[in-house]
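So you can see what is in the structure, the chains are spelled out below.
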Amino acid sequence: MLTIRENLQETMKGGNPDRFVKQFEFLEIIYESPLPPLAMKPGENVTDAWGIYWQWPKEQLGPFPVHDDEHIVLKDINNWKDYVHVPKVDYPKEAWEPALAHANKVNKEERFFSVFYVPGLFEMCHHLMGIENALMGFYDAPERMHELIAFLAKHELNVAEQIIEHLHPNALFHHDDWGSQYSTFLAPEMFRTFFLEPYKKIYSYWKQNGAELVVHHSDSFAATLVPDMIEMGIDIWQGVMSSNNTPELIKQYGSQITFMGDIDSGPVDTVDWTKEKLYEYFEKSCRRCGKLHFIPNLTQGGDYSSFPGVYEAANNAIDQMSKKMF
Amino acid sequence: MIDLKTLTEVIIKGDQASAVNMTKEALAEGIGAESILNDGLIAGMDVVGDRFSKNEIYIPEMLIAARAMKSALEILEPELAKAGVKPIGKMAIGTVQGDLHDIGKNLVAMMLKGAGFEVVDLGVDVKPEKFVEKIKETGVQLVGLSALLTTTMPGMEKTIKVLKEAGLSVKIMVGGAPVTQEYADKIGANGYAADAASAVDVAKRLVA
């Protein structure tokens, strides 16, 4: 039986995997890292290090930035420098110890490990200024948006330097949602104009400094951005929603990038989830996407589910499909 | 003489300044406010909605078009009121309790305003009781409920139940990423829209 790492590599390169990769089994996510900083619990309201105010209603799945007049950080893109101030990145050695202790337990021959890097460049733009202002900003003030993104990218590189220095991860798991279920937020040309080069710099920095794998999360439609993903150095696109026509993407781009997802979390990761429905979704997905360049996975961005038991049951569903199809 | 087709193009392009200037000029030239609204502004937003549905344009283009429309409409509104032109419908819209997402709701509100509706935006995290209060206060005939999360979708069913128990005779339409026609039917909504552009057609049908 291939090791986890070997099986992943065979899946990615289109070789001879002996089973499906089971969701995030190849990647240990180190949540204890002090960077990037945001720790919240349901029911909390928190102002983060950028000054962004987050609310997390109880019994809801996650926090959300608030952009009313009182809380919005970046009020005027034309004077963004007056509003955007980077948080500190130099944490003392002691702050890294929990993350380092966790990372040291990972068998690096067998698996990869990474921090959970969130939010990415596009999300930072709209977290700072509100999504409507950000989206209109690309038209209203393109030069200022370029400046802002370059500033945020420089910050990402500074954070990356710290993470690499302290933890030496061999992978990067990076989160930046680029669309909704059926569309990207930006036209592909606009996305390319603003985000391709900054992301190329960021992902190549990580790869030059020890990351063998870049896993990018966007649980959305983003099929039209796949050529850019490849160019910026993404190895695995995690969160591929079924609206992307994953089999077609695998056919067209599988030799260059691996697709991880295709089982939309929305319909199956619910309070009244059933094993039968989950297994049905995983069977359909595995059969339509095939064994190569594809990792069956709930589209949520992490090694967990919103409702207890779903992630583990998904792993069992994949085991079943491996028995059926390999 | 202002050509209303040019005004339409200006709306489609999202040229806010030109939309305002051309609207002012059209009024000064004696073109009727209702004609400017229907043949200039709404005609432009109809094209925007159609192109968005087909993925020919994206949210930024829709937003700048809606902004141009809104600014031009502000110039027109006093004239429309003088001429006795009424909105084609009146709608209250909000994201349901527990849900803070607003972009979808905002896009629907913009498109409906662009189509000639009067829209009362209740914001996000709206309790069912607030919907009741605002419906009674504003006399809207249509209510739009938005939810982006599977965990907040039940808020739609709860809101519909509360509205019915309050004896309000409003039509209710729902939408949002996890929402489907099947779900809309199950919870007793009168209409469902998959996106902001089709929301206009659904809303028009429900107020007809």
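As a convention, each chain's residues are numbered from 1 in the sequence order in which they are written. The naming scheme follows written order: chains are lettered A onward, ligands numbered 1 onward. The predicted origin of the model limits local features to residues at a pLDDT of at least 70 and limits the giving and counting of side-chain atom pairs to 80 or more, whereas totals for whole chains, interfaces and linings rest on all residues. Side-chain measures were taken over the full set of non-hydrogen atoms in the model, leaving aside hydrogen atoms and water.

Is there a simple way to think about the overall build of chain A in this case?
When you go through chain A residue by residue, the secondary structure sums to 11 helices and 10 strands. In this treatment the radius of gyration is a C-alpha quantity, and the globule benchmark scales as 2.2 Å times the residue count to the 0.38 power. A compact globule built from 326 residues should have a C-alpha radius of gyration of about 20 Å, and chain A, at 20 Å, falls within 12% of that. Taken along its principal axes, the extent of the C-alpha atoms in chain A is 60 × 40 × 40 Å. Here the term buried applies to any residue with accessible area under 20% of the maximum for its type, exposed to any over 50%, and partly exposed to those in between, with areas from a 1.4 Å probe on protein chains only. Within chain A, the proportion of its 326 residues that are buried is 57%. Helix numbers and strand numbers start at the N terminus; a helix is a DSSP run of H or I with at least 4 residues, a strand a run of E with at least 2.

I'm lost on the interface of chain A and chain B in this one. Help?
Interfaces are frequently sized by the accessible area removed from exposure as the parts join. Whether two residues are in contact is decided by their heavy atoms: any pair within 4.5 Å suffices. On the chain B side, the residues contacting the 24 residues of chain A number 20 residues. Once two parts are joined, some of their accessible surface, as seen by a 1.4 Å probe, is lost; buried area is that loss totalled over both. The junction of chain A with chain B conceals about 2000 Å² of combined surface from both sides, 65% of it contributed by carbon and sulfur atoms. The salt bridge definition used is simple: a Lys or Arg side-chain nitrogen within 4 Å of an Asp or Glu carboxyl oxygen. Linking chain A with chain B are 1 salt bridge. A salt bridge links R67(B) to D140(A), with the nearest nitrogen and oxygen atoms 2.7 Å apart. Identification of polar contacts relies on pairs of N or O atoms within 3.5 Å, with a donor-acceptor requirement for protein atoms, meaning one able to donate a hydrogen and the other able to accept it, and with residues adjacent in sequence counted only if both atoms are side-chain atoms. Between chain A and chain B we count 4 residue pairs in polar contact (both at pLDDT 80 or more) in total. The set of elements that each furnish at least two residues to the side of chain A that touches chain B consists of helix 4 (131-140) and helix 6 (188-208) of chain A. In terms of residue count, the dominant contributor to the side of chain A that touches chain B is helix 4 of chain A (6 residues). All amino acids are sorted into three groups, where Ala, Val, Leu, Ile, Met, Phe, Trp, Tyr, Cys and Pro are nonpolar, Asp, Glu, Lys and Arg are charged, and the leftover types, Gly among them, are polar. Classifying every residue of the side of chain A that touches chain B by side-chain character gives 14 nonpolar, 6 polar and 4 charged.

Would you mind going over the environment of H166(A) with me for this structure?
All names here are of chain A. Tracing the backbone through its elements, the reader meets H166 in helix 5 (residues 142-167). Look at H166 and you get buried, because its relative accessible area is 16%. Linking H166 and L100, residues 66 residues apart in sequence, is a C-alpha distance of 7.4 Å. The residues contacting H166, other than those within four sequence positions of it, are Y91, K93, W96 and L100.

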